[in-house]
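# Summary of structural features
Listed below, chain by chain, are the residues.
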Amino acid sequence: QVQLVESGGGLVQAGGSLRLSCAASGRTFSSYAMGWFRQAPGKEREFVATISLNSGSRSYADSVKGRSYISRDNAKNMVYLQMNSLKPEDTAVYYCAAGHRAVVDTTAYVYWGQGTQVTVSS
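Here's what I pulled together on the structure shown here. Since we're looking at a predicted model, the values are computed, not measured. (Residues numbered from 1 in each chain as written. Predicted model: local features only at pLDDT ≥ 70, side-chain atom pairs only at ≥ 80, totals over all residues. Heavy atoms only, no water.)

### Regarding the sheet that holds strand β3 (residues 18–24)
- Sheet architecture is open: 4 strands sit in the order β1-β3-β8-β7, paired in antiparallel fashion. The open sheet terminates on both sides in strands that have one partner only, identified here as β1 (4–7) and β7 (68–73). Each strand of the sheet is rotated relative to its neighbour by a mean of 15°, with strand direction disregarded.
- For β7 and strand β8 (residues 78–83), the ladder comprises 6 bridges, and the chain directions are antiparallel. Paired with R72 across the strands is V79, a residue of β8. (Pairing = 2+ DSSP bridges. Helix = DSSP H or I, 4+ residues; strand = E, 2+ residues; numbered from the N terminus. Axes fitted to C-alpha atoms, helices over the stretch in contact; angles between N-to-C directions.)

### A short note on the pattern of salt bridges
- Applying the stated criterion to the full structure yields 4 salt bridges.
- As a salt-bridge pair, R38 and D90 come within 2.9 Å of each other at their nearest N and O atoms. You can see R38 sitting in strand β4 (residues 33–39) and its partner D90 sitting in the loop between β8 and β9 (92–99), a full 52 residues away along the chain. Of the two residues, R38 and D90, neither departs from the other in class, the shared state being buried.
- Note that K65 is salt-bridged to D62, the shortest N-O span being 3.2 Å.
- Residue classification places K65 among the partly exposed positions, given a relative accessible area of 49%. (Salt bridge = Lys/Arg side-chain N within 4 Å of Asp/Glu carboxyl O. Buried < 20%, exposed > 50% of the residue type's maximum accessible area, 1.4 Å probe, protein only.)

### Overview of the state of the cysteines
- For the structure shown, the criterion picks out 1 disulfide.
- A sulfur-sulfur separation of 2.1 Å characterises the disulfide bridge that pairs C22 with C96. One quick way to see it: the torsion about the S-S bond of C22 and C96 is about -80°, and its sign makes the bridge left-handed. Of the two residues, C22 is situated in strand β3 and C96 in strand β9; the sequence distance between them amounts to 74 residues. (Disulfide = S-S within 2.5 Å.)

### Here's the deal with the environment of F37
- Mapped onto the elements of the fold, F37 is located in strand β4.
- A residue is classified by how much of its surface remains accessible, and F37, at 0% relative accessible area, is buried.
- Sequence separation between F37 and V48 is 11 residues, and the spatial gap between their C-alpha atoms is 4.9 Å.
- The contacts of F37, once residues within four sequence positions are left out, are R45, E46, F47, V48, V93, Y94, Y95, A97, V104, T106, Y109 and W112. (Contact = heavy atoms within 4.5 Å.)

### Digging into the packing of aromatic side chains
- Here the structure, examined in full by the defined rule, presents 5 aromatic pairs.
- Between the aromatic rings of F37 and Y109, the centroid separation amounts to 5.0 Å while the plane-to-plane angle is 75°, which identifies the pairing as edge-to-face. Separated by 72 residues along the polypeptide, F37 in strand β4 and Y109 in strand β10 (residues 109–112) bring together distant segments of the chain. Like Y109, F37 is buried.
- With centroids separated by 6.3 Å and ring planes inclined at 65°, the aromatic side chains of Y109 and W112 adopt a geometry described as edge-to-face.
- You can call W112 partly exposed: its relative accessible area is 27%. (Phe/Tyr/Trp six-rings, centres within 6.5 Å; stacked < 30°, edge-to-face > 60°.)

Structure follows, in structure tokens:
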């Protein structure tokens, strides 16, 4: 079992940057693909980015491509999401998730964190 705890959210002005972190418990962290998802009020949870077991593959949603970078440190059981040039539409609760495949589909992810709020002011 893997427990995930996100941090790094907050209030930032449009154009600013944030680095989200996700700390994972358990010795099997390196066995899981990791993903970031987000959910804005009144909207469904949506894919943001994913990274494979050994960081060999990364994928991004079109809405954040070119502005975000996902990375992981298997030695520290950590996954990160660097977000730049933030826009008000990036405002959402951001969730970290662990799954067996680095894919877009939320159903492929088994473990989820509690989320961290990101608010971008215009």
